[in-house]
Amino acid sequence: MSIHELMFYLFSGMILLFSVLTVTSRRILRAAVYLLFVLVSTAGIYFMLNYQFLAAVQLTLYAGGIVVLIIFSILLTSHISQKFEPLGVKKMVFSALAVAAGALLSIMTILDFGFDTVVTTSQNPDMELIGTSLLSYEKNGYVLPFEVISVLLLAAMVASIVIAKKEKSK
Amino acid sequence: MKFDIYDLGSFTSSFDQLLMENFSPFWAVAIEMVIIGIAILAFYAVVGLYLVYAERKVCAFMQCRVGPNRVGPYGFFQTIADLIKLLMKELIPIKNADKLLFNIAPFIVIIASFMAIAAIPFAKGLHAIDFNIGIFYIMAVSSMGVVGILIAGWASNNKYSMIGAMRSGAQIVSYELSVGLSLVTIVVLAGSLQLSTIVEGQRDGWFLFTGHIPAVIAFLVFLVAATAETNRGPFDLAEAESELTAGFHTEYSGIKFAFFFLAEYMNMFIVASIAATIFLGGWMPFHVGGWEAFNNIMDYLPPVFWYIGKTAFIIFIMMWFKWTFPRLRIDQLLTLEWKYLLPINLVNILVMAFVVLMGWHF
């Protein structure tokens, strides 16, 4: 077994294990921490594929950003003694069925796709390439989605400031 | 095998060759990983211990005291004695705490700083991983440390820990922005995120000097924001001992407390190394473009000493901050970041982009 395969099995095993733990844990902060482990393992797979930019994005955005936000909101809203009630049998069976159907569908789609077995040289896109193609309006340029997303983010930011702003006392 | 202190790259690559000849690639890589792991672990422990010693000595110097002077010459073994004491202390289990999270929190904090240290260039050729996104990687992995602090505060089931963790979280999340933006300013000047390229780019003068005023502003902003990000005084609200006993690590004892303590000092070391690498040239000796004789004299000191000297200088400045300024309130802290540092930083990036565009830098 090559070192790559070993790492792949390690990371995917961790992803599977902690994904299951995330949804089955009855304490909310533990679920959040398991989610963090899932996201970090995913970043590990990106590192293994030599796509370091996406891995670092995964770490900053998901592990350092979204999980921190989730933990923040848990810290503000829930107490340590809080535990979720165990689910009823009926709910468990149906959610297991739904999950199995979803998994089956995705696996079938992946197997049906028929990937080309062409070996291309592994590319490691550097920051300059990513930066120029983000702002390029020619073919394969991403300036339109980039601008749309930035407008969306601006709107979200303005909205949150408006919500969080204190009312002026009269 | 040739050992050349001025260029350790030849040593490491010949060592790599030796392993590759004698073992299969799998085992060669595995052995290298173990060696680097042990080396970094040992480095981590030694530097952590002596930063604590340095802090106590600097603090004593600032307050006209002598500082630790009993264990060994000049108290040199004081922190080792402290470590032995901490190792032998009882680990107190907390009733009604979330045991699992309580126990993994110190590890999350320490792993985050451990991952960051792997990407730092210590000397020419002494660089464990050289990603093409070096700075971004360090920012990414060090942003995970705050998760450990938040978990520690929550899992302790203690109101002081909780308040400390919330403050620390708010502080780290907001100051990370300033740290990132001040680094981006220099990335604009260097044109690369790769740490080895950035160090090479300072061959004819450090970025602090070649980047004109925007580089100096970025350096100052980075120093302030990095001090805040490492939760050190005057920004140590997270463990303000007069109000919160010890903040998020109130309930921790023994070696688990030592982990938080060590991680805090190592985070200081990491931000100091980043500052030294980005602004002061890392292991690059002090060069002035065109002064050949002067540059040759400067080259006599091996790169690793340049690196240590610069890092120690930045660490000294950060300790100086801690023992000079009084602690800020939480609202002052957030005002400083959001109303002053962030706008300054954003304008500064524009100025730097303009300077680079016009070719005004050296």
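Residues numbered from 1 in each chain as written. Chains lettered and ligands numbered in written order. Predicted model: local features only at pLDDT ≥ 70, side-chain atom pairs only at ≥ 80, totals over all residues. Heavy atoms only, no water.

Caption draft 1: Structural context of the layout of surface pockets. Of the pockets and cavities examined, the second largest pocket occupies roughly 1600 Å³. Lining of the second largest pocket is provided by 39 residues; of these, Phe11(A), Met33(B), Met115(B), Ile129(B) and Tyr137(B) occupy positions nearest its centre. Contributions of two or more residues to the lining of the second largest pocket are made by α1 (3–24), α2 (28–48) and α3 (52–77) of chain A together with α1 (8–22), α2 (25–62) and α4 (99–117) of chain B. In terms of residues, the lining of the second largest pocket owes the most to one element, α2(A), which gives 8 residues. Partitioned by chemical class, the residues of the lining of the second largest pocket number 31 nonpolar, 6 polar and 2 charged. (1 Å grid on protein atoms, 1.4 Å probe; cavity = no way out; pocket = protein on both sides within 12 Å on 5 of 7 lines; lining within 4 Å. Points joined across faces, edges and corners; volume = space filled by probe spheres on them. Helix = DSSP H or I, 4+ residues; strand = E, 2+ residues; numbered from the N terminus. Nonpolar A, V, L, I, M, F, W, Y, C, P; charged D, E, K, R; others polar.)

Caption draft 2: View of α1(B). In this model, α1(B) (15 residues) spans 22 Å end to end at C-alpha, consistent with the 21 Å of a helix rising 1.5 Å per residue. Looking at the buried positions of α1(B), the neighbouring elements they touch are α2 of chain B. (Expected span 1.5 Å × (residues − 1). Contact = heavy atoms within 4.5 Å.)

Caption draft 3: Representation of the interface of chain B and chain A in the model. Opposite the 31 residues of chain B that make contact, chain A presents 34 residues. At the surface where chain B touches chain A, the tally comes to 0 salt bridges. Elements with a contribution of two residues or more to the side of chain B that touches chain A: α2, α4, α5 (134–142), α6 (145–155) and α7 (159–190) of chain B. Considered class by class, the residues forming the side of chain B that touches chain A number 24 nonpolar, 5 polar and 2 charged. (Salt bridge = Lys/Arg side-chain N within 4 Å of Asp/Glu carboxyl O.)

Caption draft 4: Fine view of the pattern of salt bridges. Residues and elements named next belong to chain B. Counted under the stated rule, the structure contains 4 salt bridges over all chains. With a closest N to O distance of 3.1 Å, glutamate 55 and arginine 232 form a salt bridge. Separated by 177 residues along the polypeptide, glutamate 55 in helix α2 and arginine 232 in the loop between α10 (212–229) and α11 (241–244) bring together distant segments of the chain. Arginine 232 carries the same exposure label as glutamate 55, and that label is buried. (Buried < 20%, exposed > 50% of the residue type's maximum accessible area, 1.4 Å probe, protein only.)

Caption draft 5: A look at the packing of aromatic side chains. Residues and elements named next belong to chain B. Inspection of every chain in the model, using the stated rule, returns 24 aromatic pairs over all chains. A centroid spacing of 4.2 Å and a plane angle of 10° characterise the contact between phenylalanine 102 and tyrosine 252, whose relative ring orientation is stacked. Of this pair, phenylalanine 102 sits in helix α4 while tyrosine 252 sits in the loop between α11 and α12 (254–279), placing them 150 residues apart in sequence. The exposure class assigned to phenylalanine 102 is buried, which follows from its relative accessible area of 6%. An aromatic cluster is present here, built from Phe43, Phe122, Phe269 and Tyr307 joined pairwise through their rings. (Phe/Tyr/Trp six-rings, centres within 6.5 Å; stacked < 30°, edge-to-face > 60°.)

Caption draft 6: A look at the domain arrangement of chain A. Splitting chain A by domain gives domain 1 (3–125) and domain 2 (126–170). Summarising the inter-unit geometry, the C-alpha centres of domain 1 of chain A and domain 2 of chain A are found 26 Å apart. (Domains from an automatic or database assignment.)

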